[in-house]
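# A look at the structure
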Amino acid sequence: MPFREFERQHHTRGRGRLAEADGVAWLERQGYQILERNVQFKAGEIDVVAREGETLCFVEIKARASADFGQAVHAVTRRKQRQIATAAALFLASNPYDGPCRFDVLGMDGGPEGWRFTLLKDAFQLD
């Protein structure tokens, strides 16, 4: 079970890499076509840029080993949403796309049976 590897990893970055890889694999099984990962700008980072059908999706992946601090999907604050939106605007400035776009959040909550995935499509809007 990949979650067990996550639990054994003591370094935060290592845990993040493992969780993100599990999340990307799950998204692919759901039909997402992964275009790019870890797109970085000074203003922020986009974990995953993918397509679902004709829709370009900017996906934030959040993982938590336990529910001690709430569900992972709730960790995407308004501040984080603004950072993702700014990064998405910069991405679109250099990679024009005239189709529909949206922001998705994939929450991964760990437990005895492994990961529990929660996907929020169109999780937030630009103001």
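Description of the structure in this document. These figures come from a predicted structure and were not determined experimentally.

By the element assignment, Glu60 lies in strand E3 (residues 55-64). Ignoring any residue separated from it by four or fewer positions in sequence, one finds Glu60 in contact with Asp47, Val76, Lys80, Ile84, Asp104, Val105 and Leu106.

Taken in spatial order, the five strands make up an open sheet running E1-E2-E3-E4-E5, and their pairing is mixed. At either margin of the open sheet sits one strand with a lone partner, and together these are strand E1 (33-41) and strand E5 (114-124). Taking the axes of each pair of neighbouring strands and ignoring which way they run, one obtains an average angle of 30 degrees across the sheet. Strands E1, strand E2 (44-52), E3, strand E4 (101-111) and E5 of the sheet are contacted by helix H3 (residues 78-94), whose axis makes an angle of about 65 degrees with E2.

A few words now on unusual backbone geometry. You will see that Asn38, though not glycine, has its phi angle at about 50 degrees, which is positive. By relative accessible area, which is 34% here, Asn38 ends up partly exposed. Located in the positive-phi region is Asp122, a residue other than glycine, with phi close to 55 degrees. As for its position among the elements, Asp122 is in strand E5.

Cut-offs and rules
- Residues numbered from 1 in each chain as written.
- Predicted model: local features only at pLDDT ≥ 70, side-chain atom pairs only at ≥ 80, totals over all residues.
- Heavy atoms only, no water.
- Helix = DSSP H or I, 4+ residues; strand = E, 2+ residues; numbered from the N terminus.
- Contact = heavy atoms within 4.5 Å.
- Pairing = 2+ DSSP bridges.
- Axes fitted to C-alpha atoms, helices over the stretch in contact; angles between N-to-C directions.
- Buried < 20%, exposed > 50% of the residue type's maximum accessible area, 1.4 Å probe, protein only.

Function cannot be inferred from these measures alone, as they are strictly geometric.
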